[in-house]
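Fold and contact review
Spelled out from the first residue to the last, the chains are:
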Amino acid sequence: MSRIGRMPIAVPAGVTVDIAENNKVTVKGPKGELERVLPESMDIKKDGDEIIVTRPNDLKKNKALHGLTRTLINNMVVGVTDGYEKKLEVNGVGYRAQKQGKKLVLSLGYSHPVEMEDPEGIETVLEGQNLIIVKGIDKEKVGQYAAEIRSKRAPEPYKGKGIKYDYEVIRRKVGKTGK
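Residues numbered from 1 in each chain as written. Predicted model: local features only at pLDDT ≥ 70, side-chain atom pairs only at ≥ 80, totals over all residues. Heavy atoms only, no water.

Examining the sheet that holds strand 8 (residues 96-100)
Strand order in this open sheet of three strands is 8-9-10, and the pairing throughout is antiparallel. The open sheet is flanked by strand 8 and strand 10 (114-117), the only strands paired with a single partner. Averaged over all neighbouring strand pairs, the angle between strand axes comes to 25°, with direction disregarded. Both strand 8 and strand 9 (residues 103-107) contribute to a ladder of five bridges, which runs antiparallel. Looking across to strand 9, one finds that Lys 99 is bridged to Leu 104. Together, strand 9 and strand 10 form the strand contacts of helix 2 (residues 139-151), whose direction differs from that of strand 10 by roughly 170°. (Pairing = 2+ DSSP bridges. Helix = DSSP H or I, 4+ residues; strand = E, 2+ residues; numbered from the N terminus. Axes fitted to C-alpha atoms, helices over the stretch in contact; angles between N-to-C directions. Contact = heavy atoms within 4.5 Å.)

Structural notes on the pairing of strand 13 (residues 162-165)
Side chains Gly 162 and Lys 164 project from strand 13 onto one buried face, and the interleaved Ile 163 and Tyr 165 project onto a second face that is buried too. Bridge analysis of strand 7 (residues 84-91) against strand 13 gives four bridges, and the strand direction is antiparallel. Bridge pairing links Asn 91 to Gly 162 in strand 13. (Buried < 20%, exposed > 50% of the residue type's maximum accessible area, 1.4 Å probe, protein only.)

A few points about helix 1 (residues 60-81)
Helix length check: helix 1 (22 residues) gives 33 Å between terminal C-alpha atoms against 32 Å at 1.5 Å per residue, within 8%. Two residues or fewer past helix 1, Gly 83 is found with a positive phi of approximately 85°. (Expected span 1.5 Å × (residues − 1).)

Written out as structure tokens, the structure reads:
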């Protein structure tokens, strides 16, 4: 049995969860509303203030989807109550970030500034000139947008210049030595 899949999902006060046909789950909470169509083979039931996900049989595919389905619903519940955020650090001489309305403007040593428009439901906040915080209620979108920002100039191993996650550790290399 999937250890994650069989855990019930506690629904906090102020959050409503609707399960429509074809396993379309809609979660409404204080921070917003999320909806997602989950695998039809999974059986999603609301039991008081808990949601329980069960699988019909022990086929390999259903075992794999069991924990995934439970985690996706849990991420939606956490998103509408607390929200998600990722922090990115911009390191390097002359590297900086600025906000212009809903645009994030990055100076990353290229001949031009890199402009990125905040996607719908995602907000970027700057702390100083080198800390970018990506916030939103959808865990997948927050992670994807943070990864897109990081990909504009991934950190390099010699000087550590670039955009990295706040928890990321850059494995440094020794540069070449001249004779």
